[in-house]
Amino acid sequence: MRERGEGTVARRGNRLSVPLIANLTTALETRDPHLRGHCGRVTAFAEAIAVRLGWRARRLDGLRLGGALHDVGKLAVAESVLRKPGRLSAAELAHMQTHPAAGARLLGTIEELQPALPYVLFHHERWDGGGYPHGLAGEAIPVEGRLLAVADAFDAMTSARPYRPPLSVHAALVELGRCAGSQFDPLVARIFVAAWQAGELVVSEPLPVAAAF
Ligand SMILES: [Fe+2]
């Protein structure tokens, strides 16, 4: 796997959005330390799946944009919730779960960022319909969201939280397999596990997202 984020969005010359994305991701990481390096890793994981699905360059550009911006709606989430060291209360969780729709509203009027929208809006939907914000199920969830959901969950599981240590890669892959067909699109989950087992992915020290993009 090449260095995460290397080239990526900038490569195909979206000159306006490169500094915009860097500023947004810096703002996100400043407000939520849990996000440090997260967007870059999720993008790299998602890209490995997309390559196996045969996605071409233009679609991969959209993926990189969407991976970089998928949590941008957390700019609208209270810092006290983002930085809370323990588990969230039901009300705090509901507030946190506004971030996909908030992100879509934030980007919705910026024409050149439209390819990011399905990633931003649908990355917390679940295959079984139990996700948010729309509770879509199966293939009614745009594939961009299904793909990012697997990459996002894997990174979350293998990252430390104040209330739990990181899961090992092995344990996270087992969990992906266990939740294939309930939380995750089974095909996407299977492809991710296969890509990992083929050595196409590694977890390394997180890079600052602003530097990667
Ligand atoms: Fe998210």
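Residues numbered from 1 in each chain as written. Predicted model: local features only at pLDDT ≥ 70, side-chain atom pairs only at ≥ 80, totals over all residues.

1. Observations concerning the overall build of the protein
- Scanning the protein from terminus to terminus reveals 12 helices and zero strands.
- Across the protein, helices and strands are ordered from the amino to the carboxyl terminus as α-α-α-α-α-α-α-α-α-α-α-α.
- For the protein, with 213 residues in total, the buried portion stands at 38%.
- In the protein, the proportion of contacts linking residues at least 24 apart, taken out of those at least 6 apart, comes to 68%. (Helix = DSSP H or I, 4+ residues; strand = E, 2+ residues; numbered from the N terminus. Buried ≥ 20, exposed ≤ 12 C-beta atoms within 10 Å, placed from the backbone. Contact = placed C-beta atoms within 7 Å.)

2. Focus: the environment of Ala104
- Along the chain, the position of Ala104 falls in helix H7 (residues 99-107).
- Its 19 C-beta neighbours within 10 Å are what place Ala104 among the partly exposed residues.
- Spatially, the C-alpha atoms of Ala104 and Phe122 are 9.6 Å apart, while their sequence positions differ by 18 residues.
- With near-sequence residues (within four places) excluded, Ala104 lies in contact with Leu117, Val120 and Leu121.

3. What about the packing of helix H3 (residues 38-52) against helix H4 (residues 57-69)?
- The interhelical angle for the contact between H3 and H4, taken along N-to-C directions, is 150°, at an axis separation of 8 Å. Comparing the axis directions of H3 and H4 gives the class roughly antiparallel. Remark: the crossing between H3 and H4 carries right-handed chirality. Across from Cys39, Val42, Thr43, Ala46, Glu47 and Ala50 in H3, the residues of H4 making contact are Leu60, Leu63, Arg64, Gly67 and Ala68.
- For the contact of H3 with H4, the class distribution of residues is seven nonpolar, two polar and two charged. (Axes fitted to C-alpha atoms, helices over the stretch in contact; angles between N-to-C directions. Parallel < 35°, antiparallel > 145°, perpendicular 65-115°, else oblique. Left-handed = near helix turned anticlockwise from the far one by under 90°. Nonpolar A, V, L, I, M, F, W, Y, C, P; charged D, E, K, R; others polar.)

4. Considerations on the nonpolar core
- Residues Phe45, Ala46, Ile49, Leu69, Val150, Ala151 and Phe192 are the most contacted members of the largest nonpolar core, which totals 41 residues.
- Here this core takes eight residues from H3, the largest share from any one element.
- Not counting the four nearest positions on each side in its chain, Leu69 is found in contact with Ile21, Leu24, Leu107, Leu113, Ala116 and Val120. (Core = buried A, V, L, I, M, F, W, Y, C linked by C-beta atoms within 7 Å.)

5. Remarks on helix H9 (residues 143-157)
- Look at H9: 21 Å from first C-alpha to last across 15 residues, which is about the 21 Å you get at 1.5 Å a residue.
- Across the 15 residues that make up H9, a large majority, 12, are buried.
- Regarding H9, the residues found buried are Glu144, Gly145, Arg146, Leu147, Leu148, Ala149, Val150, Ala151, Asp152, Ala153, Phe154 and Asp155. (Expected span 1.5 Å × (residues − 1).)

6. A word on the confidence of the model for the protein
- Of all residues in the protein, 87% have pLDDT values of 70 or greater, and the mean over the chain is 86.
- Mean pLDDT in the protein bottoms out at helix H12 (residues 209-212), which sits at 30, and peaks at helix H8 (residues 117-122), which reaches 98.
- Low pLDDT (under 50) marks residues 1-13, which in the prediction has 28 contacts with non-local residues, meaning those over four places away or in another chain.
- Every residue in residues 205-213 is under pLDDT 50, and counting partners more than four places away or in other chains gives 29 contacts. (pLDDT = per-residue confidence, 0-100.)

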